[in-house]
Amino acid sequence: MKLKNQVILIKKREAQEYINAIKINNKTIDEMNKIIVDILKIGRQEGAQLEAPQKVDVIAYLRTKGNDFKLLAENEGKLLEMDFQPDLFMATLQSTLLNQIVQNFLQNALKFTPSEKNVLLKSFQTENGLCIQVIDEGLGVDESFDHFAPFKRSGSKGGVGLGLFLSKSAADALNAKISITNRVDGIEGTVASLELSSSLSCVLPSAK
């Protein structure tokens, strides 16, 4: 950026040329800020792993998070659907780490899903605990690619390549399993899954 500015100052230019150069530099600054923010998230996540675990109703959390992203989806001409089972699922965990994963799943799903397509946020009980999934209607993924490696990204969308790396680190800290696969229901898209184990959580009966 400094080199660009020095070149611009070497000789007198038209006002529009200066404006165009400033716009390019501002775009570069924005890209650098994204990198810095993602790197800082690594430090924040390490701190979150030291937080005292709290009892959280994961289903209630998912409803709140889903409603927040539903508005974002509608603003982009997309539909976010929700399907949560069971009605109540209590877990003792660091909520910051859970939020890191679910938020990244939803952000990626909306980023890669075209307008007028759907994204589904769902949960269901398994033999080992609770599975949370975000299912989109994007282009799918190359399953031979290590999507959880730092500074690696697939596709043409912007990003530094730390989001899924941070999500994997958060899942490891929660003793949970995380995966990114293609849909197998005949619709093109991706399934991002988080499996919380019963070793850190327990299901409580629904309130009557």
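The preceding data block contains the structure.
Residues numbered from 1 in each chain as written. Predicted model: local features only at pLDDT ≥ 70, side-chain atom pairs only at ≥ 80, totals over all residues. Heavy atoms only, no water.

Draft legend 1. Seen up close, the pattern of salt bridges. Evaluation of the coordinates by the stated rule reveals three salt bridges. Across the pair Lys-78 and Glu-76 runs a salt bridge whose closest N-O atoms are separated by 3.1 Å. You can call Lys-78 buried: its relative accessible area is 10%. Among the ionic pairs, Arg-183 bridges to Asp-185, the shortest N-O distance being 2.6 Å. (Salt bridge = Lys/Arg side-chain N within 4 Å of Asp/Glu carboxyl O. Buried < 20%, exposed > 50% of the residue type's maximum accessible area, 1.4 Å probe, protein only.)

Draft legend 2. A look at unusual backbone geometry. For the bond from Gln-85 to Pro-86, the omega torsion is -5°, close enough to zero to count as cis. Take Pro-86: it is sitting in the loop between strand S2 (79–84) and strand S3 (90–93). (Helix = DSSP H or I, 4+ residues; strand = E, 2+ residues; numbered from the N terminus.)

Draft legend 3. Structural view of the side chain of Asn-25. Of note, Asn-25 is situated in helix H2 (residues 15–48). Not counting residues within four places of it along the chain, the set of residues in contact with Asn-25 comprises Met-1, Lys-4 and Asn-5. (Contact = heavy atoms within 4.5 Å.)

Draft legend 4. Geometry of the sheet that holds strand S6 (residues 177–182). Read across the sheet, five strands follow the order S2-S4-S5-S7-S6 without closing on themselves; strand pairing throughout is mixed. Strands with a single pairing partner mark the edges of an open sheet, and in this sheet they are S2 and S6. Direction aside, the axes of adjacent strands within the sheet are offset by 15° on average. In the sheet, S6 pairs with strand S7 (residues 190–197) via six bridges, with the strands oriented antiparallel. Along S7, the bridge assignment pairs Asn-182 with Thr-190. Packed onto the sheet, helix H3 (residues 58–75) meets S2, strand S4 (118–125), strand S5 (129–135) and S7 and runs at close to 170° relative to S2. (Pairing = 2+ DSSP bridges. Axes fitted to C-alpha atoms, helices over the stretch in contact; angles between N-to-C directions.)

Draft legend 5. Representation of the nonpolar core in the model. Formed by 37 residues in total, the largest nonpolar core has its most connected members in Val-58, Leu-62, Phe-105, Ile-132 and Leu-194. At eight residues, the largest contribution of residues to this core is made by helix H4 (residues 95–112). Apart from the residues within four sequence positions on either side, Val-58 is in contact with Phe-89, Ala-91, Leu-98, Leu-130, Ile-132 and Leu-196. (Core = buried A, V, L, I, M, F, W, Y, C linked by side-chain atoms within 4.5 Å.)

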